Amino acid sequence: MTTSLPSMSPPGINNGSLREPIQATLLGTASLDKSGDFEAGSYQSFTLTYTAGRFGIDDSGSLRVVFRFATDQTDPQFDNPTAPGYTQVSASNNAVLQCRFDPKGNIRPWDRTLQIKVVKGFMKEGDTITIRLGVTDEGSPGMRLQTFCESRYEFRVLVDPIATYNFQPLPVQPFIAIVPGPPATWAATLPSIVTVGKPFTLKIKGEDKWGNPSDRAGARLQLKANSPIDNLPAIIEHQNNTFATEIKGLVANAEGLLLIEVFDQNESLLAETNPADIRTAPHQFKYWGDIHGQSDETLGTNSAVDYFAFGRDRAFLDICAHQGNDFQMTEQFWKDLNMVTAHFNESGRFVTLPGYEWSGNTALGGDRNVYFPVEGRTMRRSSHALIEDQFDRDTDCHTAAELFESFAEHNEWDVICLAHCGGRYADITMAHDGRFEKSVEVHSAWGTFEWLVQDAFKQGYRVGIVGNSDGHKGRPGASYPGAGWFGAVGGLTCYLMPELSRTALLDCIRSRHHYATSGGPSGRPLMDLIVTFDSPATVYNDDPALYENATGTDSSQAIMGDIVHLPSGDAELSFTVTASSPIVCIDLFNGLEQLERHRPYSEDEIGNRIAVMWEGAEYRGRFRAVQWDGSAHFNEAEIVSAEAVNFFNRDKTLLQQDSFTLNWQSVTTGNHAGFIVSLSNPDQGNIELSTPLIKQSVELSDIGYADTVLDASDLLPRQIRLTRLPDKNPHTSCTIKRTLKPVSGKDNPFYIRVTLEDGTQAWTSPVYLVRQL
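All values derive from a computational prediction rather than experimental measurement.

Caption draft 1: Spatial organisation of the packing of aromatic side chains. On inspection of all chains with the given rule, the structure shows 26 aromatic pairs. Centre to centre, the rings of Trp614 and Trp664 are 4.7 Å apart; their planes meet at 15 degrees, and the pair counts as stacked. In this pair, Trp614 sits in strand β45 (residues 606–616) while Trp664 sits in strand β50 (residues 661–664), placing the two residues 50 residues apart along the sequence. There is no split in this pair, since Trp614 and Trp664 are both buried. Grouping aromatic residues by their ring pairs yields a cluster made of Phe38, Phe46, Phe67, Tyr153 and Phe155. Its guanidinium or amino end placed over the ring of Phe46, Lys34 lies 5.5 Å from that ring's centre, counting from NZ or CZ. When the ring centre of Phe243 is taken as reference, the NZ or CZ atom of Arg314 above it lies at 3.5 Å.

Here it is, written out as structure tokens:
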């Protein structure tokens with residue numbers, strides 16, 4: 001579908017109003033000493049000069065320089081001239097200025113605030129306030145710019161000239177562009193399912209050290225496949241000024257597992273594709289999506305047009321959707337956004353869904369994602385908190401329960417909702433309607449939230465499991481944490497669909513036929529879960545507990561997401577995973593009960609490597625991060641090598657102090673991180689762990705095939721796990737078969753969680769086996 005796109009102007013910019021010269025005359029102007037392009041995450045120095053307008057600034061009036069919520073740049077500081085972010089502020093007339101930085105000092109999204117108050121004296125027209133950001137005179141490296149790209153990065157200036165605490169934005173704002181650095185890593189992506197004899201595309205990109213796709217990646221690359229592929233060139237030229245190279249028209253002529261490696265001209269391996277399954281006549285494909293993130297019209301970065309273009313062209317997604325906070329989405333932006341989703345929606349190439357985030361407070365039900373099958377539908381907001389025009393506030397639904405009731409009252413049975421945990425966590429024990437709310441989000445850039453699906457099991461809800469980014473950095477499908485307090489990579493969901501279309505996607509979500517991953521370099525594993533029955537069984541897509549007229553199908557097998565009425569007999573589960581990183585464990589659950597932890601290697605194979613992993617969250621709310629900064633000391637065994645796991649934030653590092661000691665800075669928000677260490681004399685002595693939560697010594701000889709768990713759980717799990725690994729783990733593929741024995745009188749939600757050696761995790765949606773309907 002092709003539509004014309006609306007003009008997506010940067011928020012808060014006055015575009016040509018006749019009032020601009022008058023406002024500038026009254027309020028003043030601001031200018032930067034530099035302009036142009038600056039590398040993401042680089043250290044820079046800027047001088048911002050404010051020149052007072054006709055009003056000047058009265059005694060006790062103030063100036064604000066504000067930055068967007070998502071930025072992870074260095075905060076201004078005024079005390080240490082040798083540290084990053086050192087800032088100096090002065091007035092041309094020697095007025096005394098009081099300066100402070102407050103990360104929540106202004107209305108969102110411009111909430112990160114440098115406030116400058118005139119406390120002795122005043123400013124008259126023509127007087128200046130000079131702000132030096134990242135002063136390097138006494139040894140500071142400067143201010144580090146945010147680690148993600150933004151075409152218009154504003155130093156947004158607000159002024160309160162009459163000391164009324166009514167801050168007004170200047171009509172013209174200084175800005176720069178933040179652009180990617182040179183490639184530090186490479187990524188190559190294939191479709192997860194390839195049809196024999198049908199053309200497919202290989203996509204390659206370079207990413208800078210912060211995960212931004214780089215257009216400074218000119219290189220000659222060599223390509224090698226593990227099986228013959230027609231039209232695959234041996235050498236390609238990846239051009240500068242290009243963010244990605246697509247090699248189209250590739251053809252596989254035989255079934256099997258396909259991997260393609262990318263080498264530089266010196267034969268050094270740069271990247272390996274995700275595994276692709278080549279099938280003769282697949283009836284189901286695996287399509288990858290991220291349907292939860294924002295752009296700068298709300299709390300995110302860059303425009304909604306940029307957002308979808310990034311997902312399609314730089315993250316290589318098949319499916320994408322936008323979820324702006326409803327209380328900030330004006331009616332005009334909602335109309336514009338609908339035009340954008342319609343424009344980008346193209347069956348067979350890239351599927352979008354129109355939607356928004358219902359952003360009610362947790363006490364009212366918490367965050368929910370809302371998706372529509374077509375454009376042009378009515379938003380039912382949680383509030384109009386940041387919307388000046390209140391004309392449609394009668395459609396507001398202040399609680400999640402009211403939201404579901406309103407959809408039902410208006411016969412909007414085609415609406416789909418998801419529950420998630422962001423700043424406000426969804427309380428599905430307070431409000432849930434399975435006729436609309438089909439799945440829960442267990443992983444995003446905010447962390448890992450397995451407790452959310454556990455809440456669903458406790459309540460008897462039958463939901464699927466999804467992963468998304470919930471990103472604010474304009475990078476759907478490739479949302480790295482950067483240098484802020486986010487500690488996780490954004491997640492992905494694999495949708496099992498017969499074709500890539502909006503209709504098929506909606507059917508897939510309603511049937512819960514999908515699995516979630518924690519994203520990252522190994523975030524696209526192949527996973528198949530099939531349950532077969534010897535006794536008569538009826539398989540349902542719609543939940544018969546919710547729909548009186550739900551129609552089931554007599555069947556001898558089911559897949560993830562299905563609801564199965566199995567009055568008697570056992571079931572046979574078959575699960576296969578193939579990944580880009582070695583498999584550490586496969587966990588099988590029946591709801592809240594963990595039935596088994598399977599490792600693809602035997603106890604005889606474990607060797608000199610030990611995995612030390614910490615995980616957890618403080619509580620469910622916004623400030624859930626657990627600090628794990630600490631050290632590990634081996635009193636006898638010597639460190640041969642150490643590899644960090646899930647250290648995506650480059651400000652959080654793992655360092656080897658000497659042959660016996662490791663030091664690190666790390667944070668988790670429900671997810672896990674840690675290290676894998678290879679030791680000489682790996683059974684001698686002990687490991688002394690020191691973190692803010694856990695200080696304990698463990699004998700190395702006690703660390704084996706099963707986890708050694710050091711527990712510091714409180715409101716939520718917080719623990720360290722130690723496990724011994726093989727010296728080399730070759731198991732990137734594994735199949736398990738198990739007999740399932742459903743229990744009568746309750747749901748039996750059987751699902752699987754996979755953990756890979758590089759820290760990636762994946763979760764299947766459950767198969768719900770029930771004895772009685």
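Once the structure has been displayed, the description carries forward.
Caption draft 2: Focus on the sheet that holds strand β20 (residues 235–238). Read across the open sheet, the 4 strands follow the order β20-β18-β23-β24; overall the sheet is antiparallel. Bordering the open sheet on either side are β20 and β24 (269–272), each of which pairs with just one other strand. For this sheet the average axis-to-axis angle between neighbouring strands, irrespective of direction, equals 30 degrees. As paired elements, strand β18 (residues 219–225) and strand β23 (residues 260–263) share 4 bridges and run antiparallel to each other. By the bridge assignment, Lys224 is partnered in β23 with Glu261.

Caption draft 3: Structural view of the nonpolar core. Of all hydrophobic cores here, the largest spans 67 residues; its most connected members are Tyr356 and Phe575. Residue contacts for Phe575: discarding those within four places in its chain leaves Met527, Asp528, Leu529, Ile586, Cys734, Thr735, Ile736, Ile752, Val754 and Thr764. By size, the runner-up hydrophobic cluster in this structure holds 33 residues, among which are Phe148, Ala419, Cys421 and Ala516.

Caption draft 4: Region of interest: helix α4 (residues 400–409). Looking at α4, one finds that the buried residues are Ala400, Leu403, Phe404, Ser406, Phe407 and Ala408. In the stretch just after α4, Asn411 is the one whose phi turns positive, near 55 degrees.

Parameters and conventions
- Residues numbered from 1 in each chain as written.
- Predicted model: local features only at pLDDT ≥ 70, side-chain atom pairs only at ≥ 80, totals over all residues.
- Heavy atoms only, no water.
- Phe/Tyr/Trp six-rings, centres within 6.5 Å; stacked < 30°, edge-to-face > 60°.
- Helix = DSSP H or I, 4+ residues; strand = E, 2+ residues; numbered from the N terminus.
- Buried < 20%, exposed > 50% of the residue type's maximum accessible area, 1.4 Å probe, protein only.
- Lys NZ or Arg CZ within 6 Å of the ring centre and 35° of its normal.
- Pairing = 2+ DSSP bridges.
- Axes fitted to C-alpha atoms, helices over the stretch in contact; angles between N-to-C directions.
- Core = buried A, V, L, I, M, F, W, Y, C linked by side-chain atoms within 4.5 Å.
- Contact = heavy atoms within 4.5 Å.

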